[in-house]
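Reading the structure
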Amino acid sequence: MAERKIKRALIAVYDKTGIADFARALVDEFGIEIISTGGTAKHLKDAGIPVTMVEEVTGFPEMLDGRVKTLHPKIHAAILADRDNPEHMRQLAEHGIKPIDMVVVNLYPFEKTVADPNCTMEQAIEMIDIGGPCMLRAAAKNHRHVLVVPYSCYDEVLAYLLGMPSQRDVRQYNTACAFALTNEYDKRIVEYFQGRVGGRNAWKRANAASAIPWDAPDSLDLDLELICPSKYGENPHQRGGYYGSNDGGIERCLQILGDFIAAQPTISFNNYVDADAALALCSELTQAGEALWHRFSTGVCSTGFQPVQVRPDVIETRKSTSIQFETITRRNLPHLQVPGSTYFVTFRLRAGVLVPEERSIVLDACKFWHGKKMTLHCVVIMPDHVHLLMTPHELSPGNWVPLSELLHSIKRHSANEINKARGATGSLWLDESFDRMVRNNREFMEKWEYMEANPVTAGIAKPGEYPWWWQSSTGFQETLDDTHRLETCDTGHRLETGATGSGAASAGSPKSATCCFIKHTNACGVGVADDPIEAYRRAYLGDVNAAMGGILAVNFVITAEFAEAVMHSLDRWGKAEGAGAFFVEVWVAPSFDEDAVKVIRSAKKWGENVRLLAVGDMSAAPDANALEYKTIAGGMLVQTRDNLGLNEDHWKVVTKRQPTESEMSDLRLSWLIAKHTKSNAISICKDGMLIGNGAGQMSRVMSCRIATWLAKENGHSDMLAGSAAASDAFFPFRDGPDILMDAGVTAIIQPGGSKRDEDTIKACDERGVAMIFTGTRHFKH
């Protein structure tokens, strides 16, 4: 529990998202008095939450068009007083000031306002928050006695107030966030006014008339936190460590602890670099999706299991090796929910039972938001409790309806109507509710069948005759082939199960399984197939010697069966190809089943030491505004990320022959692999498999030689016939394509743009080889 009971909270927020639910929980669950200002107070009052106006505390009205509201000793002394200092408390008592124990503030959107090119100086000035930063800094300074809430971490704060375990010191963490927020806020204001007087960027001042290809910021402030020190840097004589930001990537992954080792092995400097490269390539191939899928099917039966989107990367409260979803029972908290997930929810009456007419009222309340803010798969209204199977909707990208909002609406509306009919007042439902995330189709079916049978097992109805059971018309359907499927038209989600080929795919797996081996940031093996084990076999056999000691990245949930295949790679495939040993340094995947972790940790000696990184969903589009940094003498080079992938609208076939459908699939795969390979890069693929990768050579012709030599050296000579090759930049001469065609390549993809493009096109036409110009270069240094 919190060290000291919180009695009074001051809430003043510009962004009011979620604040009503948070404030209601503070009042209803903890009996906290809410003090608020202007628009925030009105918002809370409209939601039925009791509020004490700041004017009532200070004895002064808001002044100067709202510029002065909280700048008063009765506010700041109440925040800043040291509760352990008797003199401070004496002075508060002398002046009739009650302490304030929590400050909830977010600031005027200055940066967003001035980003509008039509913003005037007067508009910008009015968006400079004064009282907000003052209260944040005051509360942060006195954080031992005042809980500061500087951003929308409402769930975490409520969990802290309930005494739920946390991985960090909430008070100190929020204090750091408050000072960081005000610091960043002031920087944006400084930048704005510097820009109006010419800025501090000498290049821009000297080249004001020059065309700048992108809106390069005048300055960069990198706020990086030490995530993990490494034993050493790239080499033993160098020091190193990993510093992370909050913009996604490797630092967001969960490193899984194992029961079979005394301590989790740390990730080395080089492992971080290679794991990041593996994640980047595997994610891009996942995002390519259908473009890589149709050609690389193995013919093994597979359903393409696609559950309602579960996001293990945002669940932080885990205690076991299983990357699964735990049941959380809590009292009227805004939900710690995973976007896009389906939930089994139960809530109960405080006392008594519902008569039939009242059950109908509750049923109507449950159905009200169906198709609007949620998909209600099914619901049963029992005499003293309610069960629902529901999926909250996404109203706009990233904006999911909170489960707590839906439950509060159902409870409030039904309680109002029933109390009106009874001529009663007071709370109808218990504050406590139970909700469980539905992880897979089996659990969905179990909950559905339990709910449908509930009236029968309770002895109040015969099967199929209970009036207060309801299911949506787009809900559960049972087919004839023992495959169960749920198709939910409202949300676009699809949940199904059945025979899954090898059985290695699991909940959350994409339709096309992708496996990548990375060594020194370059791909040495890539496989794409409908069956995960087949995709892995292709990736491993690409180069069994290079795969040893590499980084493995896959885009599906790791099951025990798939883990067994990887752990026995050497015996199953490697020895026949001349491999002498096999182990993996780092294994990257969306998540790992508990049984899979047990297999990995116990099957082989190297399984005790492999670093398992659960990175969550790999299909999300990359941040278009993210920047990349490279240190050079005296500073840094900064660029936007290379997010261009299969932009096929700009591709052009420049040869007489068009690529076949099979060649097109291999061209797409080889093009994306070349994009993620050090320049000069030549990548050769056949049938969903990387068979040769020429990386990092000083001449492009040498990369062609290495790629074809590696394919032959690794036993893929026969596969070279009819293969596809990609070049990350144009061929300056025809000698590179000639080497590729001599080896058996029949389709080539490259940016084009050389002075001698016609010579290269002519060389391809002479031998009936198809070639595509993409118009896009993918240098990687």
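For the structure itself, look to the data block above.
Cut-offs applied
- Residues numbered from 1 in each chain as written.
- Predicted model: local features only at pLDDT ≥ 70, side-chain atom pairs only at ≥ 80, totals over all residues.
- Heavy atoms only, no water.
- Buried < 20%, exposed > 50% of the residue type's maximum accessible area, 1.4 Å probe, protein only.
- Helix = DSSP H or I, 4+ residues; strand = E, 2+ residues; numbered from the N terminus.
- Phe/Tyr/Trp six-rings, centres within 6.5 Å; stacked < 30°, edge-to-face > 60°.
- Pairing = 2+ DSSP bridges.
- Core = buried A, V, L, I, M, F, W, Y, C linked by side-chain atoms within 4.5 Å.
- Contact = heavy atoms within 4.5 Å.

A separate point is helix α17 (residues 532-542). Two residues of an α-helix separated by three or four positions point the same way, owing to the 3.6 residues in each turn. For α17, the buried fraction is high: ten of the eleven residues fall into the buried class. The set of residues buried in α17 consists of Pro532, Ile533, Glu534, Ala535, Tyr536, Arg538, Ala539, Tyr540, Leu541 and Gly542.

Right, let's talk about the packing of aromatic side chains for a bit. How two aromatic rings sit relative to each other is set out by the distance from centre to centre and by the angle between their planes. Overall, the coordinates contain 21 aromatic pairs when judged by the stated rule. With 6.3 Å between their ring centres and 80° between their planes, Phe344 and Tyr450 make a pair best called edge-to-face. Remark: Tyr450 occurs in helix α16 (residues 441-457) and Phe344 occurs in strand β10 (residues 343-349); sequence separation between them is 106 residues. Relative accessible area serves as the criterion here: at 5%, Phe344 is assigned to the buried category. By relative accessible area, Tyr450 is classed as partly exposed at 45%. Between the aromatic rings of Tyr536 and Trp573, the centroid separation amounts to 5.9 Å while the plane-to-plane angle is 55°, which identifies the pairing as tilted.

The strand order β27-β32-β31-β30-β28-β29 describes an open sheet built from six strands, whose pairing is mixed. The open sheet has two edge strands, β27 (652-653) and β29 (690-694), and neither has a second partner. Alignment of β27 against strand β32 (residues 770-773), held across two bridges, turns out to be antiparallel. Bridge pairing in β32 places Lys652 opposite Phe773.

Of all eight residues in strand β11 (residues 374-381), eight are buried, a share of seventy percent or more. Where β11 and strand β12 (residues 385-392) come together, seven bridges link them in antiparallel fashion. Its bridge partner being in β12, Met374 is matched across the sheet by Pro392. Here β11 folds back onto β12 in antiparallel fashion, the turn holding three residues. By the bridge criterion, three bridges tie β11 to strand β16 (residues 469-471) in an arrangement that is antiparallel. Bridge pairing links Cys378 to Gln471 in β16.

This part takes up the side chain of Asn271. Looking at the element boundaries, Asn271 is found in helix α12 (residues 269-288). For Asn271, a relative accessible area of 7% puts it in the buried group.

Turning our eyes to something else, we now look at the nonpolar core. Judged by nonpolar contacts, the single largest core of 63 residues is most densely connected at Phe517, Tyr536, Tyr540, Ile558, Phe562, Phe582 and Trp587. Considering each element in turn, this core owes the most residues, six residues, to α17. Apart from the residues lying within four places of it in its own chain, the contact partners of Phe517 are Asn522, Ala523, Cys524, Gly525, Tyr536, Ala539, Tyr540, Ala547, Ile551, Leu552, Phe582 and Val584.

Counting buried residues in strand β4 (residues 102-106) gives five out of five residues, a clear majority hidden from the surface. Two strands pair when backbone bridges link them, and β4 and strand β5 (residues 147-149) are joined in this way by three bridges, in the parallel orientation. Paired with Val103 across the two strands is Val148, which belongs to β5.

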